[in-house]
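# Summary of the model geometry
Chain residues, written in single-letter form:
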Amino acid sequence: MTTYQGSCHCGRIAFEVEGEVDEVIDCNCSMCRRRGGLLAAFPRTALSLKTPESDLGTYRFNKHAIDHHFCPACGISPFSEGKGADGATMTMVNVRCLPDVDLAGLKVTSFDGASY
């Protein structure tokens, strides 16, 4: 199991996530299309926030089922939280915020979030 260090641009939001990153989702919902993230799914327990939770900005839209977290200082969105299809709490990490991930080596799968 690999542990990745991640953060927003300014470092106000820092975290680590444990797991493997070899496949990511490119979602076309109105939020993801605009922010351009590549998302990898993890159980919420795999993510450990290294900075105060109170530093997170959170945005909810549509069904208000996903907490889209962002840095109020630099605007970067490092991860979101919600429930998976099985009801388990999960996080979707923007792998562009994980500097040790080789983006060119990832399998990218399109997800039609705009239809939900």
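### Comments concerning the pairing of strand S9 (residues 89-94)
- Taken together, the five bridges between strand S4 (residues 39-43) and S9 define a ladder with antiparallel strand orientation. Across the sheet, the residue bridging to Pro43 is Met90, located in S9.
- For strand S8 (residues 79-83) and S9, the ladder comprises five bridges, and the chain directions are antiparallel. Bridging from a neighbouring strand, Glu81 pairs with Thr91 of S9.
- Between S8 and S9, which pair antiparallel and follow one another directly, the connecting turn spans five residues, one of which, Gly87, has a positive phi of 90°.

### Quick word on the sheet that holds strand S5 (residues 47-49)
- One open sheet accounts for three strands, arranged S1-S2-S5; its pairing is antiparallel. Of all the strands in the sheet, the pair left with one neighbour each is strand S1 (3-7) and S5. Adjacent strand axes in the sheet meet at a mean angle of 20° when their direction is disregarded.
- Pairing of strand S2 (residues 14-18) with S5, which is carried by three bridges, proceeds in the antiparallel orientation. Pairing of Val17 across the sheet is with Leu47, part of S5.

### Focus on the side chain of Asn94
- Mapped onto the elements, Asn94 comes out in strand S9.
- Here Asn94 falls in the buried class, since its relative accessible area comes to 8%.
- There is a polar contact of 3.4 Å between the side chain of Asn94 and the backbone nitrogen of Leu38.

### With respect to the side chain of Glu81
- Checked against the element boundaries, Glu81 lands in strand S8.
- Assessed through its relative accessible area of 16%, Glu81 is described here as buried.
- A distance of 2.5 Å separates the side chain of Glu81 from the side chain of His69, its partner in a polar contact.

### Here's the deal with the layout of surface pockets
- Each pocket or cavity is described by its volume, and for the largest pocket that value is around 750 Å³.
- Looking at the largest pocket, it is lined by 26 residues, and the ones nearest its centre are Cys27, Ile66, Phe111, Gly113 and Tyr116.
- Among the secondary structure elements, those contributing two or more residues to the lining of the largest pocket are strand S3 (23-27), helix H1 (30-35), S8 and S9.
- Per element, the largest residue contribution to the lining of the largest pocket is four residues, and it comes from S8.
- Here the lining of the largest pocket is built from residues that sort into 13 nonpolar, eight polar and five charged.

Criteria and thresholds
- Residues numbered from 1 in each chain as written.
- Predicted model: local features only at pLDDT ≥ 70, side-chain atom pairs only at ≥ 80, totals over all residues.
- Heavy atoms only, no water.
- Pairing = 2+ DSSP bridges.
- Helix = DSSP H or I, 4+ residues; strand = E, 2+ residues; numbered from the N terminus.
- Axes fitted to C-alpha atoms, helices over the stretch in contact; angles between N-to-C directions.
- Buried < 20%, exposed > 50% of the residue type's maximum accessible area, 1.4 Å probe, protein only.
- Polar contact = N/O pair within 3.5 Å; in protein donor to acceptor, adjacent residues only side chain to side chain.
- 1 Å grid on protein atoms, 1.4 Å probe; cavity = no way out; pocket = protein on both sides within 12 Å on 5 of 7 lines; lining within 4 Å.
- Points joined across faces, edges and corners; volume = space filled by probe spheres on them.
- Nonpolar A, V, L, I, M, F, W, Y, C, P; charged D, E, K, R; others polar.

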